[in-house]
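Here are the chains, one letter per residue:
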Amino acid sequence: ALLRAGTEEGKASAAHAIAWLAIDPPTRTLLLGEGVLPLLVALLRTGTEEGKASAANAIFWLVNDPPTRLLVVEADALPLFVDLMRSSIKEGKAIAAGVISDHAHDPHTRALLLELGALPLLVALLRAGTEWSKTNAAGAIVGFANDPPTRVLIVQHAVGNNACLALERLAADPRSCELA
């Protein structure tokens, strides 16, 4: 009820609680059966910064395994995660990069993510994101790199941004991805 008709603060709190509950797979299934995903997508679309970050985190935990990942696409939420990477919400950027990482390995969603402009945003996160953002962005870029033609795009976006160096450092040690 709080997620459906609460205040903005209440909705963010409810989404935060759902994220914690969704860590447990049986509970995740129950939450999806109760129809929370469309409510979380609505919060991701129109909520406050805190609400968007909490909704993104809850969605990440609800649909982070292969059988449920398609639900994000069906809910038309991938564009919202790309938009979240354009925002100033640091936690939201990291979570969005994590969701995109999950989807970048799939050829069908990879094409959609490229069309939405996710790749340059991921490269930017490698350059100036938090450690968490950099790790998730690198994971997504690895997913994109599974497609040989997309490798060219990765290099094109990385040139001049020191992102190639960041990827090399991140591969060696995820904590060492500091760029000049």
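What counts and what doesn't
Residues numbered from 1 in each chain as written. Predicted model: local features only at pLDDT ≥ 70, side-chain atom pairs only at ≥ 80, totals over all residues. Heavy atoms only, no water. Helix = DSSP H or I, 4+ residues; strand = E, 2+ residues; numbered from the N terminus. Buried < 20%, exposed > 50% of the residue type's maximum accessible area, 1.4 Å probe, protein only. Contact = heavy atoms within 4.5 Å. Areas by Shrake-Rupley, 256 points an atom, 1.4 Å probe, with all protein chains shown as cover. Axes fitted to C-alpha atoms, helices over the stretch in contact; angles between N-to-C directions. Parallel < 35°, antiparallel > 145°, perpendicular 65-115°, else oblique. Left-handed = near helix turned anticlockwise from the far one by under 90°. Nonpolar A, V, L, I, M, F, W, Y, C, P; charged D, E, K, R; others polar. Expected span 1.5 Å × (residues − 1). 1 Å grid on protein atoms, 1.4 Å probe; cavity = no way out; pocket = protein on both sides within 12 Å on 5 of 7 lines; lining within 4 Å. Points joined across faces, edges and corners; volume = space filled by probe spheres on them. Phe/Tyr/Trp six-rings, centres within 6.5 Å; stacked < 30°, edge-to-face > 60°. Salt bridge = Lys/Arg side-chain N within 4 Å of Asp/Glu carboxyl O.

Chemist: How should the overall build of the protein be read in this particular structure?
Modeler: Counting its regular elements, the protein contains 13 helices and zero strands. Along the protein, from the amino end to the carboxyl end, the secondary structure elements read α-α-α-α-α-α-α-α-α-α-α-α-α. Here the protein holds 180 residues, and 44% of them are scored as buried. In the protein, the proportion of contacts linking residues at least 24 apart, taken out of those at least 6 apart, comes to 63%. Total accessible area computed for the protein in this model is approximately 8,800 Å², and 59% of it derives from carbon and sulfur atoms.

Chemist: In this structure, what is going on with the packing of helix H7 (residues 78-86) against helix H8 (residues 90-104)? I would like to understand it.
Modeler: Each pair of packed helices gets described by two things: the angle between the helix axes and the distance between those axes. Where H7 meets H8, the closest approach of the two axes is 8 Å, and the angle between their N-to-C directions is 140°. By the angle class used here, H7 and H8 are oblique. In the crossing of H7 with H8, the sense of the turn from one axis to the other is left-handed. Residues Leu78, Phe81, Val82, Leu84 and Met85 of H7 pack against Gly92, Lys93, Ala96, Ala97, Val99, Ile100 and His103 of H8. Of the residues belonging to the contact of H7 with H8, the class tally is nine nonpolar, two polar and one charged.

Chemist: What is the right way to read H8 from this model?
Modeler: Structural remark: α-helix, 3.6 residues per turn; residues separated by three or four positions point the same way. For H8, which comprises 15 residues, the first-to-last C-alpha distance of 21 Å matches the rise-based estimate of 21 Å (1.5 Å per residue) to within 8%. All of the buried residues along H8 are Gly92, Ala94, Ile95, Ala96, Ala97, Gly98, Val99, Ile100, Ser101, His103 and Ala104. Residues of H8 that are buried make contact with helix H5 (49-62), helix H6 (66-74), H7, helix H9 (107-116), helix H10 (118-128) and helix H11 (131-145).

Chemist: Where do I start with the environment of proline 120 in this structure?
Modeler: Tracing the backbone shows proline 120 in helix H10. For proline 120, a relative accessible area of 36% translates into the label partly exposed. Taking the C-alpha atoms as reference points, proline 120 and leucine 153, separated by 33 residues in sequence, lie 9.2 Å from one another.

Chemist: I would appreciate a short explanation of the layout of surface pockets in the present structure.
Modeler: Think of a ball as big as a water molecule: rolled over the atoms, this probe shows where empty space is left. Estimates place the volume of the largest pocket at around 150 Å³. In this structure, the largest pocket is lined by Ala1, Leu2, Leu3, Arg4, Ala14, Ala17, Ile18, Glu34, Val36 and Leu39. Tallied by class, residues from the lining of the largest pocket come to eight nonpolar, no polar and two charged.

Chemist: I tried to follow unusual backbone geometry on my own but got confused; where do I start?
Modeler: Phi is positive for aspartate 76, which is not a glycine, with a value near 55°. Residue aspartate 76 is classed as partly exposed on the basis of its relative accessible area of 47%.

Chemist: Would you mind going over the packing of aromatic side chains with me for this structure?
Modeler: How two aromatic rings sit relative to each other is given by the distance of their centres and the angle of their planes. Within this structure, the stated rule accounts for one aromatic pair. Relative to tryptophan 61, the ring of phenylalanine 60 lies with its centre 5.3 Å away and its plane at 85°, an arrangement referred to as edge-to-face. A residue is classified by how much of its surface remains accessible, and phenylalanine 60, at 21% relative accessible area, is partly exposed.

Chemist: Explanation requested: the pattern of salt bridges in the structure shown.
Modeler: Note that side chains of opposite charge can pair when their charged atoms are close. The final tally for this structure, using the stated rule, is four salt bridges. Of the charged contacts, one joins arginine 69 and aspartate 102 as a salt bridge, the two residues approaching to 3.9 Å between their closest N and O atoms. Here arginine 69 is found in helix H6, whereas its partner aspartate 102 is found in helix H8, with 33 residues between them in sequence. Across the salt bridge formed by aspartate 83 and arginine 86, the nearest N and O atoms sit 3.0 Å from each other. On the criterion of helical spacing, the pair formed by aspartate 83 and arginine 86 is a turn pair, its members being three residues apart in helix H7. Assessed through its relative accessible area of 42%, aspartate 83 is described here as partly exposed.

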